[in-house]
Amino acid sequence: MTSSHTSKKQELPPTAWAVLGLLSFPGERTGYELKKWADSSLRFFYWSPAISQIYAELRRLEELGYAASARSGPEEARAKRRYSITGAGREALAGWASDTAEAGPPVLKHGLLLRVWLGHLTEPERLRAMVGDHLERTRGELAAVREAMEQAGDVPEWAFPALALRWSERQHLAELELGEALLADLAGLTEAGTGARNGAADPERQGGGDAPTPG
């Protein structure tokens, strides 16, 4: 790989590699098909880019020579552009996938926990309702993960995606367990008589402005 390609490789965002990764499996796919596959696989353990992001990355990948596209012929009522990975793209993707230094730590942005952190500004009943809604959504996501696992089945080309989905199944099961434990923790605060708005109503109980944790 030339130095210019190496430089371009380093500048690619993770979304570009994810889109190229979708193209690395057998077959040619439209941008819409890539979006559907991302929604039924990537979103369970990473995230699913918007359709506009997918097309933007496809254009970038074509400019780099990592992807190629062809428009369908007159046999189709509606013309479609299908994309495939090139030899250079597969080589670059293999290098990126093997580079553990670029993997980085997992990033957790838990919107529900951010609200629990600010629980002194709301009512305990509202917090418990939010946790209940979160558990319901998680059960729905777990069902979707299991459906995707069934679709992957015994297809040899999907063996590694199936492993990622199996990890996601375990992660969703753990999230359910954590959510149930959080409900129990919130109930414990209520039984102990901890008011949801105590911190906001009584600034003197905030430790003189110090942070609640060391540092």
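Here, every reference points to the structure presented above.
Residues numbered from 1 in each chain as written. Predicted model: local features only at pLDDT ≥ 70, side-chain atom pairs only at ≥ 80, totals over all residues. Heavy atoms only, no water.

Caption draft 1: Geometry of the side chain of S168. Within the secondary structure, S168 sits in helix α8 (residues 159-191). Engagement of the side chain of S168 in a polar contact is seen with the backbone oxygen of F44, the distance being 2.7 Å. Setting aside residues up to four positions removed in sequence, S168 forms contacts with F44, F45 and V145. (Helix = DSSP H or I, 4+ residues; strand = E, 2+ residues; numbered from the N terminus. Polar contact = N/O pair within 3.5 Å; in protein donor to acceptor, adjacent residues only side chain to side chain. Contact = heavy atoms within 4.5 Å.)

Caption draft 2: Quick peek at the packing of aromatic side chains. All chains considered together, the criterion is met by 4 aromatic pairs. A network of ring pairs unites the aromatic residues W17, Y66 and W96 as a single cluster. (Phe/Tyr/Trp six-rings, centres within 6.5 Å; stacked < 30°, edge-to-face > 60°.)

Caption draft 3: Seen up close, the layout of surface pockets. Approximately 2,200 Å³ is the volume attributed to the largest pocket. Lining the largest pocket we find 48 residues, and of these L42, F44, F45, Y46 and W47 sit closest to its centre. Within the residue set of the lining of the largest pocket, elements represented by two or more residues are α1 (3-11), α2 (14-23), α5 (87-97), α7 (124-152) and α8. Counting residues per element, the lining of the largest pocket draws most heavily on α8, at 8 residues. Residue composition of the lining of the largest pocket, by class: 27 nonpolar, 12 polar and 9 charged. (1 Å grid on protein atoms, 1.4 Å probe; cavity = no way out; pocket = protein on both sides within 12 Å on 5 of 7 lines; lining within 4 Å. Points joined across faces, edges and corners; volume = space filled by probe spheres on them. Nonpolar A, V, L, I, M, F, W, Y, C, P; charged D, E, K, R; others polar.)

Caption draft 4: Quick look at the packing of α7 against α8. Their axes nearest at 9 Å, the elements α7 and α8 cross at an angle of 165 degrees. In terms of orientation, α7 lies roughly antiparallel with respect to α8. Relative to α8, α7 is oriented so that their crossing is left-handed. Considered class by class, the residues forming the contact of α7 with α8 number 16 nonpolar, 6 polar and 8 charged. (Axes fitted to C-alpha atoms, helices over the stretch in contact; angles between N-to-C directions. Parallel < 35°, antiparallel > 145°, perpendicular 65-115°, else oblique. Left-handed = near helix turned anticlockwise from the far one by under 90°.)

Caption draft 5: Representation of the sheet that holds strand β1 (residues 29-30). Taken together, 3 strands build an open sheet; the order of strands is β1-β3-β2 and the sheet is antiparallel. The open sheet terminates on both sides in strands that have one partner only, identified here as β1 and β2 (67-71). Both β2 and strand β3 (residues 81-85) contribute to a ladder of 5 bridges, which runs antiparallel. Residue pairing across strands places A68 opposite S84, the latter belonging to β3. Of the strands in this sheet, β2 and β3 touch helix α4 (residues 51-64), which is tilted by about 110 degrees from β2. (Pairing = 2+ DSSP bridges.)

Caption draft 6: Structural context of α5. Among the residues of α5, those classed as buried are G89, A92 and L93. Projected down its long axis, α5 carries its buried residues within an arc of 100 degrees, all on one side. (Buried < 20%, exposed > 50% of the residue type's maximum accessible area, 1.4 Å probe, protein only. Arc of directions from axis to C-beta.)

Caption draft 7: Layout of helix α3 (residues 31-39). Along α3, the residues classified as buried are G31, L34, K35, W37 and A38. Summarising the axial view, the buried residues of α3 lie within an arc of 165 degrees, below the 170-degree limit, and thus occupy one face. Against the buried residues of α3 lie α2, β1, α4 and β3.

Caption draft 8: Main features of the nonpolar core. If you look at the biggest cluster of nonpolar residues, it comprises 22 residues, and the most contacted ones within it are L20, L23 and Y66. Put simply, the parts of the chain that give this core at least two residues each are α2, α3, α4, β3 and α5. Element by element, the count of residues in this core is highest for α2, at 7 residues. In terms of nonpolar packing, the next biggest core, distinct from the first, is built from 10 residues, L112, V131, L135 and L142 among them. (Core = buried A, V, L, I, M, F, W, Y, C linked by side-chain atoms within 4.5 Å.)

Caption draft 9: Examining the pattern of salt bridges more closely. On inspection of all chains with the given rule, the structure shows 7 salt bridges. Between E141 and R43 there is a salt bridge, with its nearest N and O atoms 2.6 Å apart. Residue E141 is located in helix α7, and its partner R43 is located in the loop between α3 and α4; the two are separated by 98 residues in the primary sequence. Of the charged contacts in the structure, one is a salt bridge between R146 and E169, with a shortest N-O distance of 2.7 Å. Linking R146 in helix α7 with E169 in helix α8, this pair joins segments that are 23 residues apart in sequence. A relative accessible area of 36% means that R146 is categorised as partly exposed. For E169, a relative accessible area of 16% puts it in the buried group. (Salt bridge = Lys/Arg side-chain N within 4 Å of Asp/Glu carboxyl O.)

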